[in-house]
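# Summary of the model geometry
Take a look at the letters that make up each chain.
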Amino acid sequence: MPLRMLTAGESHGRGLVATVEGLPAGLTVDVDYLDRHLSRRQAGYGRGGRMQIERDRAEILSGLMGGTTIAAPVSVLVWNRDWRLEEPPLTRPRPGHADLVGAQKYRFDDVRRPLERASARETAARVAGGSLARRLLEDFGIRIFSHVVQLGGVDATMFPDSFEALESAAEASDLRCADVDAAARMKREIDAAKTRGDTLGGVVEVIAIGVPPGLGTYVHWDRRLDGRLAQALMSVHAIKGVAVGDAFRIAATPGSAAHDEILYDDQRTFHRETNRAGGLEAGITNGMPLVMRAAMKPISTLRNPLRSVDIRTKEDSPGAIVRSDVTAVPAAGVVCEAMASLVLADTFLEKFGADVMADIHESYERYMTRLRG
Ligand code: EPS
């Protein structure tokens, strides 16, 4: 595993830190680039009051000189504007959050202790760190984007023809949804959920284009790229399911309609006209766009709370109400992009293994020339 990321920080601590180890020397990184992705994570119709307070910005603490990496760990800091030293204890766990399981596991009698680190606020650090990996991939023409395909039970169905148009339509939407009509219906669902004191989940699609064939391997279970990507996306707060390509649809079709036939011509060499596999075969990229979906459950902080039990008195008492969002599905797409970037950049470095950008470019070009051969 050449590339690794660790984060530190709590939701209402001083700030969040991401440390990324294994970036090669000579990668140009502009802090504005990290800030742009941090802002994308903050946006989205249905977000709550916290996002009005925070202005997430990256401060690069180490690993860069003159705007390029020096093969040292890069650490990035995102300050929390809303930080608090001590708060009164919270003893009414919210069903679905880390409150009860964290308190049971770590012998806490105040659910603030588990909730602070378990909070999805940590995804700001992931986006800051993951954007470094995304920068690396971009140098090799690999682009990653996401869009919302379902929210509050409303499916997006009308998509632009090209990936470029899909990406720009998603970026132009405050729900990160390329289907304008569906987005309008999603917003109505969000408004209604807000009125009810309820929350909504949904599904995001993450797409990586320009991925060369040959990243990942079938050799061991823990090196198969589909498994590694699924783990990375599943690790995002509230993500409860991941699909690669048309997974759940092709499960119901015969093999003759489930696979992508292999074709060849001089110009395109080996290629496929469908992409049901989502760009992965046998845990290896096949050169087609990588397409994954991640299902996010509704946020577990409800203004109209579910039944719960006070962990000190053991009396029935509704789950705690703390400030939260009605939905964060659009933000989850940005976080999934960051996590997919990390895993992809890691397998990229495995394949073209080197610790200097210029050497990686040479190795990559040699490989691509062989494939074109
Ligand atoms: C946040 C994600 C959510 C927000 C959090 C900010 O995390 P959680 O998993 O705790 O619901 O609720 O904001 C707060 C905790 C708050 O005080 O409003 C994020 O994505 O930054």
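Just above, that's the structure.
Described below are features of the structure shown in this document. None of these values were measured; they are calculated from a predicted model. (Residues numbered from 1 in each chain as written. Predicted model: local features only at pLDDT ≥ 70, side-chain atom pairs only at ≥ 80, totals over all residues. Heavy atoms only, no water.)

Where strand E11 (residues 262-265) lies against strand E12 (residues 269-272), four bridges are found, and the strand directions are antiparallel. By the bridge assignment, Ile262 is partnered in E12 with Arg272. With antiparallel pairing between neighbouring strands as the criterion, E11 and E12 make up a hairpin whose turn holds three residues. (Pairing = 2+ DSSP bridges. Helix = DSSP H or I, 4+ residues; strand = E, 2+ residues; numbered from the N terminus.)

Remark on secondary structure: sheet strands pair via backbone hydrogen bonds, oriented parallel or antiparallel. Taken in spatial order, the five strands line up as E8-E7-E9-E15-E10 in an open sheet, and their pairing is antiparallel. The sheet is open, and its two edges are formed by strand E8 (154-155) and strand E10 (239-244), each paired on a single side. Judged from the two bridges that link them, strand E7 (residues 143-151) and E8 form a sheet pairing that is antiparallel. The residue bridging Gln150 from the neighbouring strand is Asp155, located in E8. In the packing of helix H6 (residues 163-172) onto the sheet, contacts are made with E7 and strand E9 (202-209), and the angle to E7 comes to roughly 65°. Where helix H8 (residues 225-234) meets the sheet, its contacts fall on E10 and strand E15 (290-296), and the angle it forms with E10 comes to roughly 155°. (Contact = heavy atoms within 4.5 Å. Axes fitted to C-alpha atoms, helices over the stretch in contact; angles between N-to-C directions.)

The next subject is the site of the ligand. Around the ligand sit 13 residues, and of these His12, Arg41, Ser119, Ala120 and Arg323 come closest. Interatomic distance of 2.8 Å between a side-chain N/O atom of Ser119 and an oxygen atom of the ligand. Arg121 places a polar side-chain atom, nitrogen or oxygen, 3.1 Å from an oxygen atom of the ligand. Here the ligand has 460 Å² of accessible area as a free molecule, and 92% of this is covered by the chains. With respect to the pocket detection grid, the ligand is positioned in the largest pocket. Here the residues of the shell around the ligand sort into two nonpolar, five polar and six charged. (Near = heavy atom within 4 Å. Polar contact = N/O pair within 3.5 Å; in protein donor to acceptor, adjacent residues only side chain to side chain. Areas by Shrake-Rupley, 256 points an atom, 1.4 Å probe, with all protein chains shown as cover. 1 Å grid on protein atoms, 1.4 Å probe; cavity = no way out; pocket = protein on both sides within 12 Å on 5 of 7 lines; lining within 4 Å. Sits in = over half its atoms within 2 Å of the grid points. Nonpolar A, V, L, I, M, F, W, Y, C, P; charged D, E, K, R; others polar.)

A separate point is the sheet that holds strand E1 (residues 4-9). Overall, antiparallel pairing links the four strands, which are arranged E1-E2-E6-E3 in an open sheet. With one partner strand each, in any of the chains shown, E1 and strand E3 (59-62) form the two edges of the open sheet. The average undirected angle you get between the axes of adjacent strands in this sheet is 20°. The pairing of E3 with strand E6 (residues 74-79) spans three bridges and is classified as antiparallel. Bridging across to E6, Ile60 finds its partner in Val76. Helix H5 (residues 123-138) contacts E1, strand E2 (15-21) and E6 of the sheet and is inclined by roughly 30° relative to E2.

A few words on helix H3 (residues 99-106). Those residues of H3 lying buried are Asp99, Gly102 and Ala103. Here the buried residues of H3 occupy an arc of 100° about the axis, which is enough to place them on one side. Exposed residues pointing more than 90 degrees away from the buried face of H3 are listed as Val101, Gln104 and Lys105. Buried residues in H3 make contact with helix H4 (112-118). (Buried < 20%, exposed > 50% of the residue type's maximum accessible area, 1.4 Å probe, protein only. Arc of directions from axis to C-beta.)

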